Amino acid sequence: MELINISNLFYKYHKTDVLENINLTIKDDDFLAIIGPNGGGKSTLLKLILGLLTPQDGKIEKKIKNNQVGYVPQNTNLNTDFPITALEIVLMGHVSSKKKLFGYSKEDIACAMASLSKVSMADFANSKIGDLSGGQRQRVFIARALCSNPKIMLLDEPTASIDVKGQREIYELLKELNKSICIVVVSHDISVLLNYAKNVAHINKNLVYHSLENIEKNVSTQNEHLCEVELLSALGKSHVCCDHTH
Amino acid sequence: MLEILQYDFIQNALISGILISIAAGIIGSLVVVNKITFLTGGIAHSSYGGIGLAIYTGIPVLFGATVFAVITAILIAIITLKNRTRIDAIIGMMWASGMAIGIIFVDLTPGYNVDLMSYLFGSIIAVSSEDIYYMTVLDIFIIGIVVYFYKEILAVSYDSEFATLRGINVKFFYTLILILAALCVVAAIKAVGLILVIALLTIPTYLAESFASRLSSMMILSSILATIFTISGLVVSYAYDISSGASIIMVAVLVLGVVKVLKYKR
């Protein structure tokens, strides 16, 4: 089932074209990697899908409600000194639910704890976010996104500043979640991501779509720091890529 | 020394000190975690325009300062939400122009000879019973708003992008935080003055941040620390016959320095 359909999308900051004629369909069982160079328009596309930015031309059709879209921001943008616990962060997923004068309802707390359990972070519920490792913090943000029972989860650079072992653990978790949720990951570091993604959208103003369904997923294990040019080259050599190019 | 407690002005000083400390602990925490100390400084100094205007027109000084500070807070919120690129220059201009307006109105007031230094550096022993009623109302308002909107304020302060996605009106709550900061500044003017109020908002909070794992516990701890600093500062002020506002701030700075050195040595 199609969840999001993007057609003829254009976006520019001031007078600089960031996205040109983007066409993309995201299905409910997809694990899509949106890759590309810094400044290529990856995060802009994500913000357009989320509704944080408005398309200047073209259309983004969502077949789901806004609250069914889970979002995991780039956690390096957030203040690690902020006095907040893992549980409080996850409870933010419920912040617009029915108003309660003091604190959160028992149902909200139970749901938040269940989300933390899903990402194996229940034991750290009362830990200050700044005391957790980068990988643990990312799990907490995934738990927050899970709170609203999303159909699709969008993640912006989820493995930034995390070691390779931690990256694998995050992607294993996302692979598990992908059994019931569509996963879209924006990243410029594709070395580990490639093992888990089903499809790749390469963005550098324009979008080129590749299916990875039939590719042998051993590229990243041979070279942890494979660059995008090598990836695209590898995809070309495998003769199975580009089942459709927009 | 306890005999000084029988004097009304000392009782007023203690009560107002506690009231200000509660407000400063709560709002100071929001100021520090939102990194809006400079904006709050701008609001504090702009409110001097309200003081001058109030003296010139004959309305209560704290009321004049409140209206002026709230209008400044709303203006700063509108400007910062629209474009942050030149915000430091704009705040600097509002900071100075507010003070200039205050000075001009005071100059234009015929026969005015009240010590203006008390509004710049504070004079907690000059706090009247009416001032205490006003501070109490402001405290109740600040606590009520923060408690009722705690979840929203926490979400906006920590991750405004996610808060927007959850349907929270980020612009409204950002403006609300600045208005609360303006009200807190006005409540503290009589005690520590415009120039020193920022120290009372930031020093106890900065100290509390190291020990708190929640924003709510940071607010409570900051309020307790601010109360301790205020009362200790008053005692020092009385013992050495020096300015109360400056004594309060120096006690806070000394404790902060000692704690940071001890933490660094560990």
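Residues numbered from 1 in each chain as written. Chains lettered and ligands numbered in written order. Predicted model: local features only at pLDDT ≥ 70, side-chain atom pairs only at ≥ 80, totals over all residues.

1. Notes on the overall build of chain B
Scanning chain B from N- to C-terminus turns up 11 helices and zero strands. Listing every helix and strand of chain B by position from the N terminus yields α-α-α-α-α-α-α-α-α-α-α. Seen along its three principal axes, the alpha-carbon backbone of chain B occupies a region of about 55 × 50 × 30 Å. A burial count over chain B gives 50% of its 266 residues as buried. Restricting to contacts in chain B with at least 6 residues of sequence separation, those with at least 24 account for 74%. (Helix = DSSP H or I, 4+ residues; strand = E, 2+ residues; numbered from the N terminus. Buried ≥ 20, exposed ≤ 12 C-beta atoms within 10 Å, placed from the backbone. Contact = placed C-beta atoms within 7 Å.)

2. Examining the pairing of strand S4 (residues 57–62) of chain A
Residue and element names in this part refer to chain A. Burial analysis of S4 places just zero of its six residues in the buried class, which makes it a mostly uncovered element. In terms of strand pairing, strand S1 (residues 2–13) meets S4 through five bridges, oriented antiparallel. Following the sheet pairing, Ile 6 is matched in S4 by Ile 60. (Pairing = 2+ DSSP bridges.)

3. Here's the deal with helix H3 (residues 61–82) of chain B
An ideal rise of 1.5 Å per residue puts 32 Å on 22 residues; H3 of chain B measures up with 32 Å between its terminal C-alpha atoms. Looking at H3 of chain B, one finds that the buried residues are Leu 62, Gly 64, Ala 65, Thr 66, Phe 68, Ala 69, Thr 72, Ala 73, Ile 76 and Ala 77 of chain B. (Expected span 1.5 Å × (residues − 1).)

4. A few points about the interface of chain B and chain A
With 22 residues of chain B at the contact, the number on the chain A side is 17 residues. Of all the elements, helix H7 (residues 150–158) of chain B adds the most residues to the side of chain B that touches chain A, at five residues. For the side of chain B that touches chain A, the per-class residue count stands at 12 nonpolar, three polar and seven charged. (Nonpolar A, V, L, I, M, F, W, Y, C, P; charged D, E, K, R; others polar.)

5. Comments concerning the packing of H3 of chain B against helix H4 (residues 87–108) of chain B
All names here are of chain B. The N-to-C vectors of H3 and H4 enclose an angle of 165°; their axes lie 11 Å apart at closest approach. By the angle class used here, H3 and H4 are roughly antiparallel. Judged by the sense of rotation from one axis to the other, the crossing of H3 with H4 is right-handed. Contacts between H3 and H4 involve Thr 72, Ile 76, Ile 79 and Thr 80 from the first element and Ile 87, Ile 90, Ile 91, Met 94 and Gly 98 from the second. When the residues that make up the contact of H3 with H4 are grouped by side-chain class, the tally is six nonpolar, three polar and no charged. (Axes fitted to C-alpha atoms, helices over the stretch in contact; angles between N-to-C directions. Parallel < 35°, antiparallel > 145°, perpendicular 65-115°, else oblique. Left-handed = near helix turned anticlockwise from the far one by under 90°.)

6. As for the confidence of the model for chain A
Residue and element names in this part refer to chain A. Confidence in the prediction for chain A averages 82 pLDDT; 81% of positions are at 70 or higher. Predicted confidence for residues 218–226 stays below pLDDT 50, and this span has 14 contacts to residues more than four positions away or in other chains. Counting contacts from residues 236–246, a segment whose pLDDT is below 50, to residues more than four positions away or on other chains yields 16 contacts. (pLDDT = per-residue confidence, 0-100.)

7. Focus on the sheet that holds strand S2 (residues 16–27) of chain A
Strands pair in a sheet through their backbones, by hydrogen bonds, and they do so in one of two ways: parallel or antiparallel. Residues and elements named next belong to chain A. Strand order across the open sheet formed by three strands is S2-S1-S4, with antiparallel pairing between neighbours. The open sheet has two edge strands with one neighbour each: S2 and S4. Strand-to-strand, the axes of this sheet are offset by a mean angle of 15°, without reference to chain direction.

8. Observations regarding helix H1 (residues 8–33) of chain B
Because the α-helix completes a turn every 3.6 residues, residues three or four places apart line up on one side. Look at H1 of chain B: 37 Å from first C-alpha to last across 26 residues, which is about the 38 Å you get at 1.5 Å a residue. Positive phi appears at Lys 35 of chain B, one or two residues downstream of H1 of chain B, with a value of about 55°.

9. Examining the confidence of the model for chain B
Per-residue pLDDT for chain B has a mean of 89; in total, 97% of the residues score no lower than 70. Across the interface, the model reports ipTM at 0.86; the global pTM reads 0.85.

10. Some words on unusual backbone geometry
Residues and elements named next belong to chain A. Positive phi values are uncommon outside glycine, yet Asn 8 reaches one of about 50°. Phi is positive for His 14, close to 50°, though the residue is something other than glycine. Take His 14: it is sitting in the loop between S1 and S2.

11. Digging into the environment of Leu 78 of chain A
Summarising the element assignment, Leu 78 of chain A is placed in the loop between strand S5 (69–72) and helix H2 (86–91). Taking the number of C-beta atoms within 10 Å as the measure of exposure, Leu 78 of chain A has 18 and is therefore partly exposed.

12. A few points about the environment of Leu 19 of chain A
Inspection of the secondary structure puts Leu 19 of chain A in strand S2. Setting aside its immediate chain neighbours within four residues, Leu 19 of chain A contacts Leu 9, Phe 10, Tyr 11, Gly 41, Thr 44, Leu 45 and Lys 205 of chain A.

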